[in-house]
Amino acid sequence: MPVSYDYYVKGQSFFHKLDPRAKLVWVFILLILSVTFNHPLYLGIIFAAILLVAILSKLPLKRLWLFSKASIYFSIIAVILWSIFVRHGNILVEFGMLKLTDRGMLLGLGFGFRISLLMFAVVVVLMTTKQKDLITGLAMMKVPYPVVFILASGLRFIPALTGEIITIREAQEVRGLEFSKGGIIERLKKFYALGGPLISRILKISTELSLAMDARAYDPAFKKRTFYGRPNLTGRDIMFIGVNIAFLVIGLVLSWMGYGVIPYL
Amino acid sequence: MSSDVVIEIKDLSYTYRLTEKEALKDINLEVRRGEVVGIVGPTGAGKTTLCMTINGLIPHSITGGKLEGEVKVLGMNTKEHTLPEIARKVGMVFQDPESQIFGLTVLEDVVFLPENLGLPEEEIERRLKWALNAVRLNGYEERFPYQLSGGEKQRLAIASLLSGLPEILILDEPTSELDPIGKMEVFDVLERLKKEMKMTLIIVEHNTEQLSRICDRIVVLDKGQIVLAGNPKEVFSEVRFLQRIGVRPPQTAELGELLKNTEYFNEYDHPLTVKDAVQRLLRIFQKRRPKKARATISPSGGQKPGNGETVIEAENLWYIYESESGERKIALKNINLKIRRGDFIALIGHNGSGKTTLAKNFVGLLRPTKGKVLIYGEDASTMSVKDIARKIGYCFQNPDHQIFSKTVKEEIMFGPKNLGFSEDQIEQIVKKVLKIVGLEGYEDEDPFFLGKGERQKIAVASILAMNPEVLIVDEPTTGMDWKTSISMMRLLKNLNEMGHTIIFITHDMDIVAEYAKRIIVLKEGEILIDGPTREVFTKMDLLRKAFLLPPQITRVAYELDEYLPPDILTTKEAYEAIVQSLGG
């Protein structure tokens, strides 16, 4: 069954051609900016900028949505939670104990944007960068190789695990199990039929993997590992990083002056 | 020690952690540079264990066991050298291509090993080109592993070790999961490594026909000990002995054994290849001038395809996979077929030809994109998977995907319970199906600790317990040794005789020839041939197009069609036809 293992989408855009390190710097700056502000307008603008990058890079938006939609769900939950628990500000609606205030809404919305923009930024990088380049980039930025390798294996094998779950589910369905029926306790029991085989598969796959790694001279203690196809920082990358730093400075100054920051209390 | 000896094993015994039985016992083995050694033996004989002691995975990666004796590889005592040191010189390819490909692309995977060795970029580049060329995957650098066929994936796994320039390459059942042509591709590559690079190869394999093609020496393991060793001719001529311990010799050797005691053929070594067998038989035929009329075979009873009521019917069935991101892949194209009560069908085709997709459409796990499936004349689209499960049982390839209970009994009860059978009924059914699959007395065993063959039977039993009339079994013998395969297939044959309609998916053509009454060949999602087994296996050219190859014995008969019926399916049939033709 065709299970796509990759996020990467081939392309020739400006963003595609950037050095992976430049893209990682971009994500890092977005991370700082996203905690600098908490106003949904400011965070929304950053979010829109990321979408613009995705569009200019000609990424298939359907795929982008597929990979990052989970963050939108988290965001919605954030909006609801913040709205319920923040009780300051002007009350918009009131049902008994529940008060919905304008400040709660704004904070929740801001928090939601924060989660989504980070998720989208990471996915945009994953979709425009070959995994190999990303790993090389991380390693060249002195991230320890074992950490990089765990990240890389995750990217490679999480989709494969999805495939395992589908197969196990099907194998139990043909034995008359209907996952969508029954009460909570019954459903929990059903998950045992899914979880049992899944755990034994994960154990087996990870054992096989570690043997295959050892057979290929993988040695986390080896410091002189080389990387084939090292990227080079070009003028384009320097310019890109420069522009980003400029944005970062502007952002920090704005927030120091009090723009884009809503007091929590 | 002569410098020519690259592997030297002395009095090696090994016991795994938490076990008592020795997995290897008193192994003594020397392998010379450039030698190709085939290792055969039944499941549990210690073949994989032996491989892992050679490349140091035992004792370095698999720890806690008890290793006695000594293993020296290229002068390195494996106990005293680290894994990365050994891995520079000794590569190992594993059975499952999925769990040994790390790279997201072919290129990434091939450079992983030289990167780990810390080689300079120019050197890696050179090795990448060389390794891909050696396995004939040049130009595949940017492909994703999932775009490769099974044979290509295994060739990639080989390339990913060649890039380390190993002096010794160990392959542990590299072709078990592959279709016949995929198997050939891999062995073609190995032959090339032997001839052009004089590489030392250790190959664990069930397929003795392919082994005899390239091995200088065969080592037979049983219960952890070397029980027989010698050149392929010597070893594979011991047909009876090998069969007794559960190793299948090449069919031509089996034929030689049957003919050994006849007046026409009293040679002591047996032919191992189609070419050899054909030449020798031709000599006999020409000398003895057989009766003009070609011998005929009387098809044994019950080999006719079922002709009862139609149980499953596919009408203009199309299936198109559409991923969430919108990529489409046509998996089945306009399939039309009828499966009748009493059929015993082999569904065959290359890796990715749509066999499993078709089977899943029969049981409702997948629903046709176009066209329909009828089950006992009723449109399946109105039935749930559970409804269909009462009529058609579907047994997945890997029992690990379904077994979750603490006891065999609970595992088997799971299906009937879901279908709402009564307690009394279930008790009776458990007894009945355990008897059918030959696992009486296993009720309270924990299936987790049983062998692969037993687990596969539990999986079949748990499907049988739902009392379906039709049984679909996906690759019931993949990765099993011959003895276990035969016992699995006898079980299916038995069920067929009891009135069940059986459909099985497989890559093993010997098994198809021996058991199936009807064959459906799929190629790229279309039915290429559909007919009685005997007819299908004579369509050599069409089969080749589908990347399939009839059994060795059928190929021999085909070459000798002047004297023998070309539709011979088993060694026994070939023997009978020869005797008949020579006027015995």
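In this text, all values refer to a predicted model and were calculated from it rather than measured experimentally.

Here's the deal with the overall build of chain B
What chain B contains, in helices and strands, is 23 helices and 20 strands. Relative to a compact globule of 584 residues, whose C-alpha radius of gyration would be 25 Å, chain B shows 25 Å and is just as compact. Principal-axis analysis of the C-alpha atoms places the extent of chain B at approximately 70 × 65 × 50 Å. Every one of the 584 residues in chain B was classed for burial, and the buried ones make up 53%. The contacts of chain B with a sequence gap of at least 6 include a subset with a gap of at least 24, amounting to 67%.

Side note on the overall build of chain A
From N to C terminus, chain A includes nine helices and two strands. Taken over the C-alpha atoms alone, chain A extends approximately 60 × 60 × 35 Å along its principal axes. Within chain A, the fraction of its 265 residues that count as buried is 35%. Across chain A, every contact between residues at least 6 apart in sequence was considered, and the portion connecting residues at least 24 apart equals 78%.

Considering the interface of chain A and chain B
Each partner contributes to the interface: chain A provides 49 residues, whereas chain B provides 54 residues. Element by element, the count of residues in the side of chain A that touches chain B is highest for helix H8 (residues 184-215) of chain A, at 15 residues. Tallied by class, residues from the side of chain A that touches chain B come to 23 nonpolar, nine polar and 17 charged.

A word on the domain arrangement of chain B
Residues and elements named next belong to chain B. According to the domain assignment, chain B consists of domain 1 (5-244), domain 2 (251-289 + 563-581) and domain 3 (344-359 + 385-551). Relative to domain 2, the C-alpha centre of domain 1 lies at a distance of 34 Å. Counting from both sides, the interface comprises eight residues of domain 1 and, opposite them, eight residues of domain 2. If you tally residues by element for the side of domain 1 that touches domain 2, the top one is helix H9 (residues 232-236), at three residues. Considering only residue class, the side of domain 1 that touches domain 2 consists of three nonpolar, two polar and three charged.

Remarks on the nonpolar core
Of all hydrophobic cores here, the largest spans 103 residues; its most connected members are Leu-347, Ala-461 and Ile-472 of chain B. The dominant element in this core, judged by the number of residues it contributes, is helix H17 (residues 452-464) of chain B, at six residues. Ignoring anything within four residues of it in the chain, the contact list for Ala-461 of chain B reads Ile-412, Val-433, Leu-434, Val-437 and Leu-439 of chain B. Listed in part, the 91 residues of the second largest apolar core include Ala-212 of chain A together with Ile-27, Leu-83 and Ile-226 of chain B.

Examining the sheet that holds strand E1 (residues 5-15) of chain B
Residues and elements named next belong to chain B. With antiparallel pairing, the four strands of this open sheet are ordered in space as E2-E1-E4-E5. Edge positions in the sheet fall to strand E2 (24-32) and strand E5 (76-77), since each of these pairs with one other strand and no more. With six bridges joining them, E1 and E2 adopt antiparallel strand pairing. Pairing of Leu-12 across the sheet is with Ile-27, part of E2. Against the sheet, helix H1 (residues 47-54) contacts E1, E2 and strand E4 (66-73), and its axis sits at roughly 125° relative to E1.

Details of the sheet that holds strand E8 (residues 200-204) of chain B
Residues and elements named next belong to chain B. Here we have six strands laid out as an open sheet, ordered E6-E7-E8-E3-E9-E10, and mixed in their pairing. In the strand order of this sheet, the two ends are held by strand E6 (90-93) and strand E10 (225-230), each with one partner. Strand-to-strand twist in this sheet, taken as the mean axis angle between neighbours without regard to direction, amounts to 15°. Here strand E7 (residues 168-172) runs beside E8; their pairing, made up of five bridges, is parallel. Across the sheet, the residue bridging to Ile-170 is Ile-202, located in E8. Across the sheet, H1 lies against strand E3 (36-40), E6, E7, E8 and strand E9 (217-222), angled at about 155° from E8, the strand it touches most.

Concerning the pairing of strand E11 (residues 310-322) of chain B
All names here are of chain B. Summarising the sheet, E11 and strand E12 (residues 328-340) pair through nine bridges and their orientation is antiparallel. Of the residues in E12, the one forming a bridge with Thr-310 is Arg-340. In this sheet, strand E14 (residues 370-375) lies alongside E11 in antiparallel orientation, the contact comprising five bridges. Counted as the bridge partner of Glu-313 is Leu-374 from E14.

Some remarks on helix H4 (residues 106-116) of chain B
Most of H4 of chain B sits inside the fold, with 10 of its 11 residues counted as buried. After H4 of chain B finishes, the residue Gly-118 of chain B shows a positive phi value of roughly 75°.

What to know about the environment of Arg-156 of chain A
For Arg-156 of chain A, the location among the structural elements is in helix H7 (residues 145-173). Residues Arg-156 of chain A and Pro-20 of chain A, 136 residues apart in the sequence, show an inter-C-alpha distance of 18 Å.

Some thoughts on the domain arrangement of chain A
All names here are of chain A. Domain boundaries in chain A define domain 1 (12-129 + 232-265) and domain 2 (133-221). Domain 1 and domain 2 are separated by 30 Å when their C-alpha centres are compared. Contacts between the two partners involve four residues from domain 1, matched on the other side by seven residues from domain 2.

So, the confidence of the model for chain B
On average, residues of chain B score 90 in pLDDT, and 95% of them are at 70 or above. Interface confidence in the predicted complex, given as ipTM, is 0.86; pTM for the same model is 0.84.

Things to note about helix H3 (residues 40-56) of chain A
All names here are of chain A. In this model H3 runs 24 Å from its N-terminal to its C-terminal C-alpha over 17 residues, within 8% of the 24 Å that 1.5 Å per residue would give. Listed as buried for H3 are Pro-40, Tyr-42, Leu-43, Ile-46, Phe-47, Ile-50, Val-53 and Ala-54. Check the buried side of H3 and you find it contacts helix H1 (14-17), helix H2 (20-36), helix H4 (61-85) and helix H5 (102-128). Backbone geometry just downstream of H3 places Lys-58 in the positive-phi region, at approximately 55°.

Digging into the environment of Arg-114 of chain A
All names here are of chain A. Within the element layout of this structure, Arg-114 appears in helix H5. By the C-beta count within 10 Å, which is 23 here, Arg-114 ends up buried. Along the primary structure Arg-114 and Thr-36 are separated by 78 residues, whereas in three dimensions their C-alpha atoms are 10 Å apart. If sequence neighbours within four positions are ignored, Arg-114 has contacts with Ser-34 and Leu-43.

A word on the packing of helix H11 (residues 251-260) of chain B against helix H22 (residues 552-559) of chain B
Residues and elements named next belong to chain B. At their nearest, the axes of H11 and H22 sit 8 Å apart, and the two run at 70° to each other. In this view, H11 runs roughly perpendicular relative to H22, as classed from their interaxial angle. Contact residues: Gln-251, Thr-252 and Leu-255 in H11; Gln-552, Ile-553 and Val-556 in H22. Class assignment for the residues of the contact of H11 with H22 results in three nonpolar, three polar and no charged.

Rules and cut-offs
Residues numbered from 1 in each chain as written. Chains lettered and ligands numbered in written order. Predicted model: local features only at pLDDT ≥ 70, side-chain atom pairs only at ≥ 80, totals over all residues. Helix = DSSP H or I, 4+ residues; strand = E, 2+ residues; numbered from the N terminus. Rg over C-alpha atoms; globule rule 2.2 N^0.38 Å. Buried ≥ 20, exposed ≤ 12 C-beta atoms within 10 Å, placed from the backbone. Contact = placed C-beta atoms within 7 Å. Nonpolar A, V, L, I, M, F, W, Y, C, P; charged D, E, K, R; others polar. Domains from an automatic or database assignment. Core = buried A, V, L, I, M, F, W, Y, C linked by C-beta atoms within 7 Å. Pairing = 2+ DSSP bridges. Axes fitted to C-alpha atoms, helices over the stretch in contact; angles between N-to-C directions. pLDDT = per-residue confidence, 0-100. Expected span 1.5 Å × (residues − 1). Parallel < 35°, antiparallel > 145°, perpendicular 65-115°, else oblique.

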